[in-house]
Amino acid sequence: MEKSEKINQNRNVRNGFSKNLLVLGAALLAGFIIRMLTYSSLTADGSITFTGYDDYYHMRRILYTVSNFPHSLNFDTYLNYPYGLEVGWPPFFDLLGALLAIILGGGQPDTHTVEFAGALLPVLLGVLTVIPVYVVAASVFDKKTGLLGALIFAVLPAHVYISRFGAADHHVAEVLLSTAAYALFILAIKLAGERNLTLSSLKNISSDKNLLNPLGLAAASGIFFSLLIFTWVGAPVFISFIVLYALVQRTIDLKVGKGSDYLFICSAITLFATLLFTIPLSAGEIRPGLEMSAVYLSWFQVVYVLILLAGLLLLWGFSTYISKKEMDWKYYPGVLILVLGSGLLLVRIFSIEYYGFIIEGLRFFSGKGEYIGTISEAVPLFLTSQGKLTFSSVLGSFGLTLLAALAGFFLFGLELKGEKAKPEGIFFLLWTLFYAYLALSQRRFTYLFAVNISILTAYILWVLLESLDFGKEVKKLAKSGKVTEKTSDSPLQKGKRTGSKTKSKNRHVTESKSTSTEPDYFKLVSGVALIGLVFVPSIWLGIAFAKDAASIDPGWQDSLKWLEASTPATSYYLEPAETPEYGVLSWWDYGNWIIYIGKRPAISNNFQAGVEDSASFFISNSEEEAKKIMDKLNVKYVITDTQMAKGKFGSIVELAGKEIEDYYEVTTVQEQTGIRTVASAKQAYMDTEVYKLHEIDGIGLGNLRLIHESTPNTTENESSNGNTVKVFEYVKGATLSGTAGPNETVIAKLEVSSNTGRKFLYQNGDIADENGSFEITVPYSTENTGNEVYATSAYSLTAGENSTIEGIKVTENDILNGTRIEANIPLNEADNE
């Protein structure tokens, strides 16, 4: 009998394992499918379009790494032109992309294969993240919560968004590596606590192999932390959380009189493994000498982890002292807070630079910083960029799961009392608070918070479903058909009378059993509704992402492909160690696009390098000042778009050190629907370089000429003649000089046709001096050079109302060489008088 029970028990375990594996496989498959929905839209034209801004620079690094494997691109002369820039991103994500490309391409991948690998990598990493999410939820709660949490995470928009096909950015790797590191650490402290791991027990480790498991898990956690350092410069903050947790957990243990050797042994091994593996991983990328930097891979990360390890040992020693002396547990957190404050003060005294790294890191994660205020994804979760309350970002990231997770957080917090306050539960609650703070400070960190949201939603959903006996009702529903068949009359009984008491009694029992197996449809519908509220919005948003996957505007794509094909190629694109021939100036948002799609150096890009020069150029009200900037930076082309002249203008002004009120008159108007804010442009705005270029096609400028504009966007209501993107060339310009009446205004005019067939009238002018001399620089030639944007007339010069000369020819050589062309305007009788 015992053998039979054991066989049945083993069979149940195997069946349970198979079911769990099946559900986890379903979560992985669902995650893969929803992340691949963007494939068709991003590959519609035969090439691969990526979803964001930074994706394009990651692809540049992946392309470079494929050719130079395993070396990555650390200094790029196509950035911050003409000075070049050291790239702050650690290389692990790009190494993975290059390795995947090499595998898919059989060792010799072409560009399309490299791009496909870069687009597929986030999907693979995103799907893999489902596994540590399951491990965390199963360790903190139970396996069924783990499976449901994995399913929710697989479709949660906040994470799907950064792990879609085409989202070639390192954020997805951050989530995978940090979640894996935390999952392994949770397993380590859980097992260590259950197996009573202490310093004294380590002496018997050779005879008790069970003690090796938590130690191995803690070391594995450290390996993932070291990979995180090799992926993202923000990694030290996530490693610091281990020490913070150790302080809180040890305080709780002291309060209840519990030993904490298990905690400090696991934490110390995790930090030591992080230190041990960070050095060889980063050795080839660390900057020369002993230079410290928090924004690059340097000895800073190594020293920082070493300090954390030393601080942990200090925590351990001090807690041991308090235990032996039987001091009040409150001394522990009080003294440690004092020590932490004193430590920061000492760092401030002895190393301003190191102190600055710490403060700047704290400012960054709290949403403060020089450029963060101009980044839309860095604004607080519940606020717009204008500081108004909004819920759109929350709904777009989490659907309705945030409310469920909030309820789950408080319910779980109430359960963690007394003996139920297990270390893994405390860790998870603190972790949730940590990520909640990050997401509230900057909405972009919702992709990290998605892990905790998924698990807490799964927890509260199971609580609600079990209160409805949902599982039992589903089983009843499944069996109801069979029960009906069994309880129905057989053909042999049809037509027979049931007059005896025995038959009547049996029939009553049968009906009673049938009623007890009848499902409660209210509970079933309620359970299905709860499940739908969690999954339906998430899946709907995932499908919505697929419809509008690419962030790059078609006008930009068209213009940058034209730039690559129709302008002189620059050198050293795949070996950017030497300075290329010229640079392209635009706003920093578009720098990575210019570099990857246009294959031209960018003055400023998404690393914000060179942004001051770009901002100063675009708000300049003097062509001479604008020319000084272009000459200093060796600019050959300038690109504008509608957003720069409209929506992004405020950021340009802010980063140029000006106030938007200098350019716009902001008033409030009372209407029937409420108060409306109205912004009216001042003359100062119309004097800026960005306005003159984009809004009036360079009228009034003598050295910048339109050479390409994107096809008018007929699907949106846009200004600037419907054109999204315009490309201008910086030329010397021909000078029309001569004489007119003294102090007369002389205007040069030229009819021009753009590549879209749009006609516009170019004008520039000058006021003649007291002797009647004038000089007007013009950027367009009048001869047919085959350019897309060309003159449809000769130049005319008008002085006053009646004095005009026409038919002035200007060659392309005149424009490129800065030729002076004499054009004297005959004086009329009024002028002679």
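Residues numbered from 1 in each chain as written. Predicted model: local features only at pLDDT ≥ 70, side-chain atom pairs only at ≥ 80, totals over all residues. Heavy atoms only, no water.

1. Considering the side chain of Thr-640
Now for step 1: Inspection of the secondary structure puts Thr-640 in strand 4 (residues 635-641).
Now for step 2: Polar side-chain contacts of Thr-640 include one of 2.7 Å to the side chain of His-694. (Helix = DSSP H or I, 4+ residues; strand = E, 2+ residues; numbered from the N terminus. Polar contact = N/O pair within 3.5 Å; in protein donor to acceptor, adjacent residues only side chain to side chain.)

2. A few points about the packing of aromatic side chains
Now for step 1: In this structure the tally under the stated criterion is 48 aromatic pairs.
Now for step 2: Ring geometry for Trp-232 versus Phe-445: centroids 6.3 Å apart, planes at 55 degrees, classification tilted. Placement of the pair is Trp-232 in the loop between helix 10 (212-229) and helix 11 (235-256) and Phe-445 in the loop between helix 18 (423-441) and helix 19 (446-467), with a sequence separation of 213 residues.
Now for step 3: Their ring planes at 85 degrees and their centres at 6.0 Å tell us that Phe-428 and Trp-431 sit as a pair that is edge-to-face. (Phe/Tyr/Trp six-rings, centres within 6.5 Å; stacked < 30°, edge-to-face > 60°.)

3. Some details on helix 4 (residues 92-104)
Now for step 1: The end-to-end C-alpha distance of helix 4 is 18 Å, a good match for the 18 Å that 13 residues give at a rise of 1.5 Å each.
Now for step 2: Of the residues making up helix 4, those classed as buried are Phe-92, Phe-93, Asp-94, Leu-95, Gly-97, Ala-98, Leu-100, Ala-101 and Ile-102.
Now for step 3: Elements in contact with the buried residues of helix 4: helix 3 (54-68), helix 5 (111-128), helix 9 (171-194) and helix 10.
Now for step 4: One or two positions beyond helix 4, positive phi appears at Gly-106, with a value near 60 degrees. (Expected span 1.5 Å × (residues − 1). Buried < 20%, exposed > 50% of the residue type's maximum accessible area, 1.4 Å probe, protein only. Contact = heavy atoms within 4.5 Å.)

4. A closer look at unusual backbone geometry
Now for step 1: Cis geometry marks the peptide bond from Phe-69 to Pro-70, where omega comes out at 5 degrees.
Now for step 2: One can find Pro-70 in the loop between helix 3 and strand 1 (75-76).
Now for step 3: The linkage connecting Tyr-81 with the following residue, Pro-82, adopts the cis geometry, with an omega of 5 degrees.
Now for step 4: For Pro-82, the position within the fold is in the loop between strand 1 and strand 2 (85-86).
Now for step 5: The backbone of Asn-80 shows a phi angle near 50 degrees, a positive value even though the residue is not glycine.

5. Here's the deal with the nonpolar core
Now for step 1: With 233 residues, the main nonpolar core has Tyr-182, Phe-427, Trp-431, Phe-617, Val-638 and Leu-797 as its most contacted residues.
Now for step 2: In terms of residues, this core owes the most to one element, helix 9, which gives 15 residues.
Now for step 3: Once residues within four sequence positions are removed from consideration, Leu-797 is found in contact with Leu-736, Val-746, Ile-747, Ala-748, Phe-774, Ile-776, Ser-803, Thr-804, Ile-805, Ile-808, Ala-823 and Ile-825. (Core = buried A, V, L, I, M, F, W, Y, C linked by side-chain atoms within 4.5 Å.)

6. Some thoughts on the sheet that holds strand 9 (residues 734-739)
Backbone hydrogen bonds hold the strands of a sheet together, and the pairing may be parallel or antiparallel.
Now for step 1: On the basis of which strands lie adjacent, the open sheet formed by three strands has the order 12-9-16 and mixed pairing. Edge strands, defined here as strands with exactly one partner in the open sheet, are strand 12 (773-778) and strand 16 (820-822). Across the sheet, the axes of successive neighbouring strands diverge by a mean angle of 25 degrees, strand direction being ignored.
Now for step 2: By the bridge criterion, three bridges tie strand 9 to strand 16 in an arrangement that is parallel. Bridge assignment links Leu-736 to a residue of strand 16, and that residue is Ile-821. (Pairing = 2+ DSSP bridges. Axes fitted to C-alpha atoms, helices over the stretch in contact; angles between N-to-C directions.)

7. Looking at the pairing of strand 14 (residues 795-799)
Now for step 1: For strand 14, the buried fraction is high: five of the five residues fall into the buried class.
Now for step 2: A two-sided burial pattern is seen for strand 14, the buried positions comprising Tyr-795, Leu-797 and Ala-799 on one face and Ser-796 and Thr-798 on the other.
Now for step 3: Bridge count for strand 10 (residues 745-753) against strand 14 is four bridges, and the pairing is antiparallel. Residue pairing in the sheet places Lys-749 in a bridge with Ser-796 of strand 14.
Now for step 4: Inspection of the sheet shows strand 14 paired to strand 15 (residues 803-808) by four bridges, in the antiparallel sense. Counterpart to Thr-798 in the pairing with strand 15 is Thr-804.

8. Side note on the sheet that holds strand 3 (residues 583-585)
Now for step 1: Overall, mixed pairing links the four strands, which are arranged 3-4-8-7 in an open sheet. Among the strands making up the open sheet, the edge pair consists of strand 3 and strand 7 (704-709). Each neighbouring strand pair of the sheet contributes to a mean axis angle of 30 degrees, computed without reference to strand direction.
Now for step 2: As paired strands, strand 3 and strand 4 are joined by three bridges and run parallel to one another.

9. As for the pattern of salt bridges
Now for step 1: A full pass over the atoms with the stated rule returns 19 salt bridges.
Now for step 2: Linking Asp-589 and Lys-648 is a salt bridge whose minimum nitrogen-to-oxygen distance equals 2.5 Å. Taken together, the residues span a long stretch of sequence, with Asp-589 in the loop between strand 3 and helix 24 (591-596) and Lys-648 in the loop between helix 27 (642-645) and helix 28 (649-655) at a distance of 59 residues.
Now for step 3: Since its relative accessible area comes to 11%, Asp-589 is described here as buried. (Salt bridge = Lys/Arg side-chain N within 4 Å of Asp/Glu carboxyl O.)

10. With respect to helix 17 (residues 401-415)
Now for step 1: With 15 residues, helix 17 extends 21 Å between its outermost C-alpha atoms, agreeing within 8% with the 21 Å of an ideal straight helix rising 1.5 Å per residue.
Now for step 2: When we look at burial in helix 17, the residues that qualify are Thr-401, Ala-404, Ala-405, Gly-408, Phe-409 and Phe-412. Buried residues of helix 17, viewed axially, fall in a sector of 140 degrees; they line one side. Facing away from the buried surface of helix 17 by more than 90 degrees, the exposed residues are Leu-403, Phe-410 and Leu-414. (Arc of directions from axis to C-beta.)

11. Let's talk about a positive patch on the surface
Now for step 1: Together, Lys-19, Lys-472, Lys-475 and Lys-479 make up a region of like positive charge exposed at the surface.
Now for step 2: The element best represented in the positive patch is helix 20 (residues 470-487), accounting for three residues.
Now for step 3: In this fold, Lys-472 is placed in helix 20.
Now for step 4: Lys-472 gets classed as exposed once you look at its relative accessible area, which sits at 57%. (Patch = residues over 30% accessible without salt bridge, like charges linked within 9 Å, V, L, I, M, F, W, Y side chains within 5 Å. Areas by Shrake-Rupley, 256 points an atom, 1.4 Å probe, with all protein chains shown as cover. Lys, Arg positive; Asp, Glu negative; His and termini not counted. Charge placed at Lys NZ, Arg CZ, Asp CG, Glu CD.)

12. Digging into the environment of Lys-255
Now for step 1: Mapped onto the elements of the fold, Lys-255 is located in helix 11.
Now for step 2: Exposure remark for Lys-255: the relative accessible area of 55% places this residue in the exposed category.

13. Regarding the confidence of the model for the protein
Now for step 1: For the protein, the mean per-residue pLDDT works out to 85, and 84% of the residues sit at or above 70.
Now for step 2: Contacts of residues 483-503 to residues separated by more than four positions or lying in other chains number six contacts, the stretch itself having pLDDT below 50.
Now for step 3: Residue range residues 507-515 is modelled with pLDDT below 50. Its contacts to residues more than four positions away, or to other chains, number three contacts. (pLDDT = per-residue confidence, 0-100.)

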